Amino acid sequence: IVTGGAPFESAGPGEITYAIKPGYLKALETTRAAAVLVPKAITGASHNLVVVDNPYWAFAKVLQHFHPPLHPAAGVSAAAHMGADVTMGADVYVGPGAVVSDGVVMGNRVTIYPHVWIGPEAVLGDDVVIYPNVTIYGKSRIGDRAIIHAGCVIGCDGFGFAPEAGRYHKIPHTGYVQIDEDVELGANTTVDRGTFGRTWVQRGVKVDNLVMVGHNVTVGSDSVLVSQVGISGSTTIGKNAVLAGQAGLAGHLTIGDRVTIGPQAGIGKSVADGQIVTGSPALPHRLWLRVQSLVARLPEFRDRIIKLEQQVAQLLSAKSGSDPDEQ
């Protein structure tokens, strides 16, 4: 009988775990777990094994079974403010202190936690979850099953100013934000509205905490943005891209499908499909590794160059002294 899931090292007799690392796979006989999720290549072990294509994904499904999301029961709090012409589907929850502005449309089973502000004419699909203190500006569109964590700001003005005579003048942003289905935005992430048209986070994108998405950016489906990534305006990210922590992207770039950008990388030019780039400015990853391996030896190279310069100068001086015509 399995009653829950646990890490490989601590799983007990009533729990299931998973093993994909070589060290864990070699230690299958030592685990106390009731069963272990393993890849298909494993054979010959006597422990209870559940053989699957992707143990990590399977373990996630097991945990979802034992720990389903717990949300408040449907109902609108008397302490919430509901604007005029709000449309709600079935089984919607709106918590105390939440403000739902005029003309908002919400699908079925939407959960709005306390102190959320939803601006006029925003549209939320089915099964959307908005955690406390989120701000969603007017006309934003949130797709089915999207999860917006605490402190997010969706649809604020982009950073656009026109310089004139030493001063900066605000450019009105008249666009909107579109968040597609199955997107998850981490806490305190910001997504700016388009100057014109939309800023678009496509289906299945997963965003960590403290990420900034600028105006008119497109993030392709099933991409991953890790914490503190910053994307400047009008840049397009392809599908299945991975942007590691603190990566920064300039504006008006095109990042291809399946691109991986390393941590703290500075991206100043477009990147083709399938590339792995690292560093600031970003270089192809293998080249960057070679460069980094040489950094510690730079003082040694400097001394050797100085000695070589001295030797060359001596040779030239000797040659010049023996044959004046060759000066």
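The structure this text deals with has already been given above.
Summarised in this report is the structure supplied together with it. (Residues numbered from 1 in each chain as written. Predicted model: local features only at pLDDT ≥ 70, side-chain atom pairs only at ≥ 80, totals over all residues. Heavy atoms only, no water.)

**A closer look at helix α2 (residues 55-66)**
The periodicity of an α-helix, 3.6 residues per turn, causes residues three or four places apart in sequence to face the same way.
And then number 1: Its 12 residues give α2 an end-to-end C-alpha distance of 17 Å, which sits within 8% of 16 Å, the value for a rise of 1.5 Å per residue.
And then number 2: Among the residues of α2, those classed as buried are Pro55, Ala58 and Phe59. End-on view of α2: buried residues confined to an arc of 100°, all on one side of the axis. Pointing more than 90 degrees away from the buried face of α2 are the exposed residues Tyr56 and Trp57.
And then number 3: Looking at the buried positions of α2, the neighbouring elements they touch are β1 (4-5), β2 (15-18), β3 (35-39) and β4 (49-52). (Helix = DSSP H or I, 4+ residues; strand = E, 2+ residues; numbered from the N terminus. Expected span 1.5 Å × (residues − 1). Buried < 20%, exposed > 50% of the residue type's maximum accessible area, 1.4 Å probe, protein only. Arc of directions from axis to C-beta. Contact = heavy atoms within 4.5 Å.)

**Quick word on the nonpolar core**
And then number 1: Judged by nonpolar contacts, the single largest core of 50 residues is most densely connected at Ile112, Leu124 and Ile261.
And then number 2: Residue contacts for Ile261: discarding those within four places in its chain leaves Val242, Leu243, Ala244, Ala247, Leu249, Ile255, Ile267 and Val277. (Core = buried A, V, L, I, M, F, W, Y, C linked by side-chain atoms within 4.5 Å.)

**A word on the pairing of strand β20 (residues 167-170)**
And then number 1: Note: strand β19 (residues 161-164) against β20, four bridges, orientation antiparallel. If you follow Ala162 over to β20, its bridge partner there is His169. (Pairing = 2+ DSSP bridges.)

**Quick look at the environment of Leu298**
And then number 1: For Leu298, the location among the structural elements is in helix α4 (residues 298-322).
And then number 2: Residue Leu298 is classed as partly exposed on the basis of its relative accessible area, which comes to 48%.
And then number 3: Along the primary structure Leu298 and Ala162 are separated by 136 residues, whereas in three dimensions their C-alpha atoms are 44 Å apart.

**With respect to the environment of Gly151**
And then number 1: For Gly151, the position within the fold is in the loop between β17 (147-148) and β18 (153-156).
And then number 2: Placed 59 residues apart in sequence, Gly151 and Leu210 show a C-alpha to C-alpha distance of 9.6 Å.
And then number 3: Setting aside its immediate chain neighbours within four residues, Gly151 contacts Pro132, Asn133, Val134 and Asn188.

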